[in-house]
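Each chain, letter by letter, is given below.
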Amino acid sequence: GGLCTSRICAAATCKGGGFVLKSTQISSAQLVFLLFLYHSFNMFTAEAHNVTGNYGLPHLLAIPAAVLLQALVVLPAWILAWKCRRGPAEAALWTMGKAGVIYPLASSLYLLWVMAFTVYSMSDFMVNAIYPGSARMFFIVTMILGALYAAYLGLEGIARAAFIIFALFLLSLLLTFGGVMDRAHLINIHPFPDNSFQLVMEGAWKIMSRSSGIVIYLLLLPYVGPYKKRGFWITLASIAALMEAVTFLVSSVLGDLGRTEAYPFFMLTTVAEVSILQRMDALHVAVWVMVSFLRITLCLWLVRQQLLLCLPLKQQAAKNKWLLPVLAAIALLLAAAMNENRDLSSQTLAVFTTGVPILLLGAVFPLVCLIAGGIRKRLIPKNQEGGES
């Protein structure tokens, strides 16, 4: 059975501890690859990665604490999705009616800023570290245009590309790690300072706040096959392992130099030496650009999907034709504005770091929807595993 409204038409059944919609486009394994690569973007720049002021023991302990925080933050949204057998945006519309449009609008706005910040960060890296003196707008425009074309290909195409990029990313990681392990010295890792507990908790909060991937996970629920819950935990564990490995190597190899470097992970690739492959920075740059491209494309596609939920079903086909170009243009303008005004990019990251956007989308709005759904009797009883809602 299923339910069809003016904005939502989907059937649902239970399988693997979750729900499966007929609109399934990717598997849970593909979701893991997507989210792993999506979050790995944060590893490349100190601006997003350095959450404790150094890369010592407080940072290493902040990572597992952040995993628990992320799981707690998305718990209300997960409960809402499970009870309504829909993604959180669709569930918001189902439980709250027209007022539920706040959720897809808020998620769209958030992801637009994430996308613009990603484009700006990528162009800044290319100009400062790879091609000094080149025009930032060239990288901004070309990346947006490429992501626009890729978004038209759909989620399945994005997921297939993620598998190829993941293989290259893994190769880059293995070569880099193997090339610097002999330079790692534990004495370079900063011990616990007097305010270590505070540093750990602040670091964990920053990691959680900058983990827009958990919002991506929530919004992709209607498009993913069974075993979503397992995929979520595998994603968190794999990302945590990546963060621990990168943080450990930056700490033990670069020492105090890692704290002053804008791109500490890129510096690791420049010092890595593997047999005849003396430098890994060229491969790293190519992989970094592809990861950025994947992140931008996924955000663009999801923003379009969220905004379509805000429209009546009859208007979706007509609006769908021009929605992606308009969103791409907005992201381009935002990235260009950050390029012209560096304070805007710093303020954007500061807003992300507060954790307010993720708290609203993962906890506050879903809790309101759960209450409204309970009052309006639009939640599925616990003992009901399928059928009509």
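Notes on the structure in this doc start here. (Residues numbered from 1 in each chain as written. Predicted model: local features only at pLDDT ≥ 70, side-chain atom pairs only at ≥ 80, totals over all residues. Heavy atoms only, no water.)

Points about the overall build of the protein chain
Counted only if it meets this: Helix and strand labels come from DSSP, where a helix needs a run of H or I of at least four residues and a strand needs a run of E of at least two; each type is numbered from the N terminus. Relative accessibility under 20% of the residue-type maximum defines a buried residue, over 50% an exposed one, and the middle range a partly exposed one, all with a 1.4 Å probe and only protein chains included. Contacts between residues were defined by any pair of non-hydrogen atoms, one from each residue, lying within 4.5 Å. Areas reported here follow the Shrake-Rupley algorithm with a probe of radius 1.4 Å; residue values treat only the protein chains shown as occluding.
Summing up its helical and strand segments, the protein chain has 16 helices and 3 strands in all. Residues classed as buried in the protein chain amount to 56% of the 389 residues present. Within the protein chain, counting contacts between residues at least 6 apart in sequence, those at least 24 apart form 82% of the total. Only carbon and sulfur atoms are counted for the fraction: they give 67% of the accessible area of the protein chain, which is about 16,100 Å².

Observations regarding the nonpolar core
For the record, the criterion: To define a nonpolar core, start from buried Ala, Val, Leu, Ile, Met, Phe, Trp, Tyr and Cys residues and group those joined through side-chain atoms within 4.5 Å.
Ranked by internal contacts, the top residues of the largest apolar core, which has 124 residues, are Leu 34, Phe 169 and Leu 220. A total of 15 residues in this core trace back to one element, the largest contributor, which is helix 13 (residues 281–309). Ignoring any residue separated from it by four or fewer positions in sequence, one finds Phe 169 in contact with Phe 36, Leu 37, Ser 40, Phe 44, Leu 242, Val 287 and Val 291.

Some details on helix 16 (residues 356–375)
This is how the line gets drawn: Helices are assigned an expected span. That span is 1.5 Å times one less than the residue count. The reported bend at a residue is simply the angle between two axes, fitted to the 7 residues ending at it and to the 7 residues beginning with it.
If you check helix 16, its first and last C-alpha atoms are 26 Å apart, about what 20 residues at 1.5 Å a residue would give, namely 28 Å. Roughly 30° is the biggest bend found in helix 16, and it falls at Pro 366. Of all the residues in helix 16, the buried ones are Pro 357, Ile 358, Leu 361, Gly 362, Ala 363, Pro 366, Cys 369, Leu 370, Ala 372 and Gly 373. Of the surrounding secondary structure, the elements contacted by the buried residues of helix 16 are helix 3 (57–84), helix 4 (88–96), helix 5 (102–130), helix 8 (196–209), helix 9 (213–220) and helix 15 (342–354).

Considering the layout of surface pockets
Note the following rule: A cavity here means a set of points on a 1 Å grid, drawn over the protein atoms and nothing else, where a 1.4 Å probe fits but cannot get out; a pocket is an open set with protein on both sides within 12 Å along at least five of seven lines, and a residue lines either one if it has an atom within 4 Å of a point. Grid points are joined across faces, edges and corners, and a volume is the space filled by probe spheres set on the points. The classification used treats Ala, Val, Leu, Ile, Met, Phe, Trp, Tyr, Cys and Pro as nonpolar, Asp, Glu, Lys and Arg as charged, and all other residues, Gly among them, as polar.
Taken as a whole, the second largest pocket holds about 250 Å³ of empty space. Surrounding the second largest pocket, 13 residues form its lining, Leu 109, Tyr 110, Trp 113, Val 351 and Pro 357 being those nearest its centre. Considering each element in turn, the lining of the second largest pocket owes the most residues, 5 residues, to helix 15. Residues of the lining of the second largest pocket, tallied by class, amount to 11 nonpolar, 2 polar and no charged.

Some details on helix 3
A rise of 1.5 Å per residue sets the reference length of helix 3, with its 28 residues, at 40 Å; its end C-alpha atoms lie 42 Å apart and thus fit the reference within 8%. Of all 28 residues in helix 3, 20 are buried, a share of seventy percent or more. Arg 85 sits one or two positions beyond helix 3 and adopts a positive phi of about 55°.

Concerning the pattern of salt bridges
Operational definition: Whenever a carboxyl oxygen of Asp or Glu lies within 4 Å of a side-chain nitrogen of Lys or Arg, that contact is scored as a salt bridge.
Tallied over the full model, the rule gives 2 salt bridges. Two residues, Asp 124 and Arg 136, come together in a salt bridge whose shortest N-O distance is 3.2 Å. Of this pair, Asp 124 sits in helix 5 while Arg 136 sits in helix 6 (residues 136–152), and the two are 12 residues apart along the sequence. A relative accessible area of 11% places Asp 124 in the buried class. Between Asp 124 and Arg 342 there is a salt bridge, and its shortest N-O distance comes to 3.1 Å. Highlighted residues: Asp 124 in helix 5 and Arg 342 in helix 15, separated in sequence by 218 residues. Taking relative accessible area as the criterion, Arg 342 reaches 36% and is therefore assigned partly exposed. Linked through salt bridges whose partners overlap, the residues forming this network are Asp 124, Arg 136 and Arg 342.

A short note on a nonpolar patch on the surface
Put simply, the rule is: Residues forming no salt bridge and having over 30% relative accessible area are the ones grouped into patches, like charges within 9 Å of each other and nonpolar side chains (Val, Leu, Ile, Met, Phe, Trp, Tyr) within 5 Å.
The grouping of Phe 163, Ile 164, Leu 168 and Leu 171 at the surface amounts to a nonpolar patch, some 370 Å² of accessible area in total. If you trace the backbone, Leu 171 turns up in helix 7 (residues 155–180).

With respect to the packing of aromatic side chains
Operational definition: Pairing of aromatic rings covers Phe, Tyr and Trp, the last through its six-membered ring, and needs centres within 6.5 Å; plane angles under 30 degrees mean stacked, over 60 mean edge-to-face, and all others mean tilted.
Applying the stated rule across the entire model yields 21 aromatic pairs. Seen in terms of ring centroids, Trp 78 and Tyr 217 are 6.3 Å apart; in terms of plane orientation they differ by 20°. Their pairing is stacked. Placement of the pair is Trp 78 in helix 3 and Tyr 217 in helix 9, with a sequence separation of 139 residues. Residue class for Trp 78 comes out buried when judged on its relative accessible area of 14%. A connected cluster of aromatic rings, assembled from ring pairs, spans Phe 33, Phe 36, Phe 41, Phe 44, Phe 125, Phe 163, Phe 166, Phe 169, Tyr 263, Phe 265, Phe 266 and Trp 288.

Overview of empty space enclosed by the protein
Inspection of the entire model under this criterion finds 5 cavities of 30 Å³ or more. Counted as a void, the largest cavity has a volume near 120 Å³. If you trace the largest cavity, you find 17 residues lining it, with His 39, Gln 70, Ile 214, Leu 236 and Ile 239 closest to the centre. The set of elements that each furnish at least two residues to the lining of the largest cavity consists of helix 1 (28–40), helix 3, helix 9 and helix 10 (228–254). The element contributing the most residues to the lining of the largest cavity is helix 10, with 6 residues. Its volume calculated, the second largest cavity comes out at about 90 Å³. In terms of lining residues, the second largest cavity is bounded by Phe 41, Asn 42, Ala 48, Tyr 110, Val 114, Phe 117, Arg 210, Ser 212, Arg 295, Leu 349 and Phe 352. Among the secondary structure elements, those contributing two or more residues to the lining of the second largest cavity are helix 5 and helix 15. Looking at the lining of the second largest cavity element by element, the count peaks at 3 residues for helix 5. Residue composition of the lining of the second largest cavity, grouped by class: 7 nonpolar, 2 polar and 2 charged.

None of the figures reported here should be taken as evidence of function without further support.
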